[in-house]
Amino acid sequence: MNRDQPAPINRRSLLKLGLAAGGAALAARYSFAAPAAGPSRLVFIILRGALDGMSAVPPYADPDYARLRGELAIAAPGAGDGALALDGYFGLNPGLTFMHEAYGAHELLVLPAVATGYRERSHFDGQDVLESGVTQPHATQSGWLNRALVNLPAASRRGRESGVALAQNVPLVLRGSAEVASWSPSVLPDLDDDTMRRIADRYASDPLLARRLAEALATGGEVDQAPSQAMGGDVAGTAGTAGAAAMNPVVRSTAGRYIETVRTAAGFLRRDDGPAVAVFDTTGWDTHFNEGGAQGQLRTRLAVLDQSLRTLKETLGDVWGHTVVLLATEFGRTAAANGTRGTDHGTGSAAFLLGGAVAGGRVLADWPGLSARNLYQQRDLKPTLDLRSVMKSVLHEHLQIASGALDRDVFPDSSAAPYIAGLLRSNAA
Amino acid sequence: MSLDYSAAVAANRFGLGAKPGELDLIGADARGWLEAQLRGPAPVLPTSGLRPTADILSDAAVIRQQLQALRRATTGKPAAAPASPAADPASAEALAAVMRLPQLFRPIYIAEVQARLRNAVATERPWVERLVYFWSNHFAVSIDKLAVMGVAGSLEREAIRPHVLGNFRELLLAVEQHPAMLLYLDNQRSVGPNSQLAQRAARRDRTLGLNENLAREILELHTLGVDAGYTQADVTSFAKVLTGWSLGAGYGAGKMQDGASELFMFRPALHEPGAQTVFHHRYDQAEQAQGRAVLSDLALARPTARHIATKLARHFIADDPPPAAVARIAEAFERSGGDLPQVYRALFQSAEAWQTPLAKYKTPQDYLLSVYRGLQLPVADGPKSIAAFDVLGQRQFAPGSPAGWPDRSDDWDGASALMKRIEFADALAQRLGGTRAVAELGPQLLGATYSDETRVSLKRAASDGQALTLLLTAPEFLRR
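About the thresholds
Residues numbered from 1 in each chain as written. Chains lettered and ligands numbered in written order. Predicted model: local features only at pLDDT ≥ 70, side-chain atom pairs only at ≥ 80, totals over all residues. Heavy atoms only, no water. Core = buried A, V, L, I, M, F, W, Y, C linked by side-chain atoms within 4.5 Å. Buried < 20%, exposed > 50% of the residue type's maximum accessible area, 1.4 Å probe, protein only. Contact = heavy atoms within 4.5 Å. Buried area = accessible area lost by both parts, 1.4 Å probe. Salt bridge = Lys/Arg side-chain N within 4 Å of Asp/Glu carboxyl O. Polar contact = N/O pair within 3.5 Å; in protein donor to acceptor, adjacent residues only side chain to side chain. Helix = DSSP H or I, 4+ residues; strand = E, 2+ residues; numbered from the N terminus. Nonpolar A, V, L, I, M, F, W, Y, C, P; charged D, E, K, R; others polar. Phe/Tyr/Trp six-rings, centres within 6.5 Å; stacked < 30°, edge-to-face > 60°. Lys NZ or Arg CZ within 6 Å of the ring centre and 35° of its normal.

Undergrad: I'm lost on the nonpolar core in this one. Help?
TA: Most often, soluble globular proteins keep nonpolar side chains buried together rather than apart. Counting residues in hydrophobic clusters, the biggest one holds 159 residues, and the most contacted among them are Leu213 of chain A together with Phe14, Trp127, Trp135, Phe168 and Phe238 of chain B. Excluding its chain neighbours within four sequence positions, the residues that come into contact with Phe14 of chain B are Val9, Leu34, Pro126, Trp127, Arg130, Phe316, Leu347, Phe348, Ala353 and Trp354 of chain B. In terms of nonpolar packing, the next biggest core, distinct from the first, is built from 60 residues, Tyr65, Phe352, Val363 and Leu375 of chain A among them.

Here it is in structure tokens:
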């Protein structure tokens, strides 16, 4: 769609479909019903491909770390190219400068040894479990965030859709019966009003297409009005000179587009009637070969991610104070480097909670240690925190979803994953 | 009234979308039309202008050597970072050098995708062509890994096409030895911990070792499937078996042997000596024969038959394929020892494949190929002619993971994806204007699936251009 022009067609087509009226009624109902509604936002960033948590959050003070990691090891803070200091034991990858600032501002909570309930090493099954929220892969066609949205209390609801995926298609985590939107930038021209109406007429007898078209028209109209400005700096520049030189130019142009997309989506999220929940997808974390340490491939990717998070904060403005960003991956990588200066599929990895609503500035770790007997199956970082505990607690505290619904519908069979108190600032919501 | 959907199903589900005249050609014998396509040699892509993998990788190796020389020349210089690349000629040169590989690969990639698209528009054997794409996606590589960009197309041409009507074992062996797959899944430098090379390295205090990536994905994605019951120990053992499966100059570890090409090369110095046990079988063969033996067994294992049958049935019958059809296809696979035409026959002779027309939502690739074929669009030179794949969400050879593109409606029917399809169709229809007789096109492309509702909406359209938009966005044109 042409983002520079208002798109009156969208509203009219919606009326034609009989949905705008419903949406308005919904909005009216909730704005009166919930005067104290907090503008809480939850952003889930999926890191597909199995992030190497021990490179994102190097445990430089662990006595076995440098030996296991060899040339991939990142030195203690203060050394040349050392980690960014956190708590004296863990650091952050040198590419994560914004996250390091956020840690200093008590807006980043670092979780260095987490996993879902999945214990095999297939990306695709692992991602399925990460997104479905159940214990077995491919056991359900809906995602935990969608089931959470079904149980979203009126007070946490604003727009017509309460969730949006920053993608052409909706990833599993957001699929299900709650209405969600997907959005991605388009270079194609808008249709004229009359043609769109005729297509909508034709789709009226096709439930799937009618629903999708209505979602697209609603989201398109809202994103059209979202603030979007041209990117100032060069992405590669913020990734550091070394990062820029090491970066594959194909990746670099993709990174620029990704950050632009995050900016537009953030403009959509900050709106008063914007969605409560957004999902961003990132790929490229599967570092079997030439992973790099303080410099190199993974650091460069982390720097792009870091820049997108900075962009998210800047664009959200005041809303950042009411935002929680969860970053998580399907599993971790081997504790030791493999034979090709990379790492193979493992188990425990790092996750992060970021945002103005997070009680940050802390590393939340029951660190299992990296000695041979403490590794999971003598090869991987042993997870000591269930990601579902983090997800449940955030949904409960931040979006006020009742624990009964969380335990029954959103994360069935998660009694082994208890709630964690105090992840968020008590006054944020 | 019972309509005969079989010609429309044959052309649109099994084929790549009808081109004008195709449904008449198929007539009442849809199965015969499919069967005839399985006879004769596997179709080759007209290759004028396309280069063999060995050529492409030789050029790339030269560039890699230049890059390495440049890197050696710059290390040891003072560490003070220059203010900007422009201020430092050496750094500007380094940036220009980094661009050389994409500059080599990108035109090759574009030419491959164009050749494939032109062939799809013209082919008289669209069902075999769809099978080529099915296997290309089963053995997926992704060009977001730069090393693969120049050779993703040649993997399909050299390793997949020749075996599409052959035996699964031969197909598997060809793919796992192709440089594109070895590079994509990082096997070229995987070194046995007790190999000659690792021992030499250990004496110099360097550690070389395994990379599990290829071994794991062969088991999980290419053969047995994730639920077959293999273990981490099987993955590790199989990775040892595959050590030494590498390629020629510029990529493999260790010294290049005389006369080695840029194609597959077994490097004995990298190979882990000794017997290995993989998925209940012990393999004591020497060197490369060990890997061939494991792959041969995996190719014919029962879980592999079931895995392949499930994927075929999902692609050609329904997102959740009927178990009876899966069982029938798997049985044909096992009984024939992986003879692919017999597997394909079991598929199209399954009644389930014909019972529910339009059961599958088209992927962007399905959609674009059916538009190009249906309208017989020319494919111009230059990158613009293939940009639509990117815009609609399925950049060719770029699934982003070794699992390939997903194959369920949920994965493709997003609101934003639908809007892009609509916008694309409309932009195309406006450009073509009244050059197509749209009223005749509907039945020609959709046959018995062409609905009265769509017929009426086209008849009432304000212009030929609008009618074409309505045809290309009709519910029955978005599915197959």
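Undergrad: Just checking my understanding: could you explain the interface of chain A and chain B for this structure?
TA: In many analyses, interface size is given as the accessible surface area lost on bringing the parts together. Each partner contributes residues to the interface: chain A has 55 residues there, and chain B has 66 residues. Roughly 4,900 Å² is buried in total at the junction of chain A and chain B, and carbon and sulfur atoms are behind 55% of that figure. When the buried area of chain A at its contact with chain B is split by residue, Phe124, Gln168 and Arg202 of chain A rank highest and sum to 14% of it. Between chain A and chain B we count seven salt bridges in total. The residue Asp413 of chain B makes a salt bridge to Arg212 of chain A at a minimum N-O spacing of 3.3 Å. In this structure, the connection of chain A to chain B is made through 31 residue pairs in polar contact (both at pLDDT 80 or more). Only α6 (123–132), α8 (193–203), α9 (207–225), α11 (241–246) and α12 (249–269) of chain A provide two or more residues apiece to the side of chain A that touches chain B. Taken together, the residues of the side of chain A that touches chain B break down into 24 nonpolar, 16 polar and 15 charged.

Undergrad: Please explain the packing of aromatic side chains as it appears in this structure.
TA: In this description, an aromatic ring pair is defined by two values, namely the gap between the centres and the angle between the planes. In the structure shown here, the tally under the stated rule is 20 aromatic pairs over all chains. Considering the side-chain rings of Trp127 of chain B and Phe316 of chain B, the 5.5 Å spacing of their centres and the 85 degrees angle between planes classify their relative orientation as edge-to-face. Separated by 189 residues along the polypeptide, Trp127 of chain B in helix α7 (residues 126–138) and Phe316 of chain B in helix α16 (residues 302–316) bring together distant segments of the chain. The exposure classification of Trp127 of chain B matches that of Phe316 of chain B, with both residues buried. Through a chain of ring-to-ring contacts, the aromatic side chains of Phe14, Trp127, Phe316, Tyr344, Phe348 and Trp354 of chain B assemble into a single cluster. The ring of Tyr419 of chain A has Lys392 of chain A lying over it, and the distance from NZ or CZ to the ring centre is 4.8 Å.

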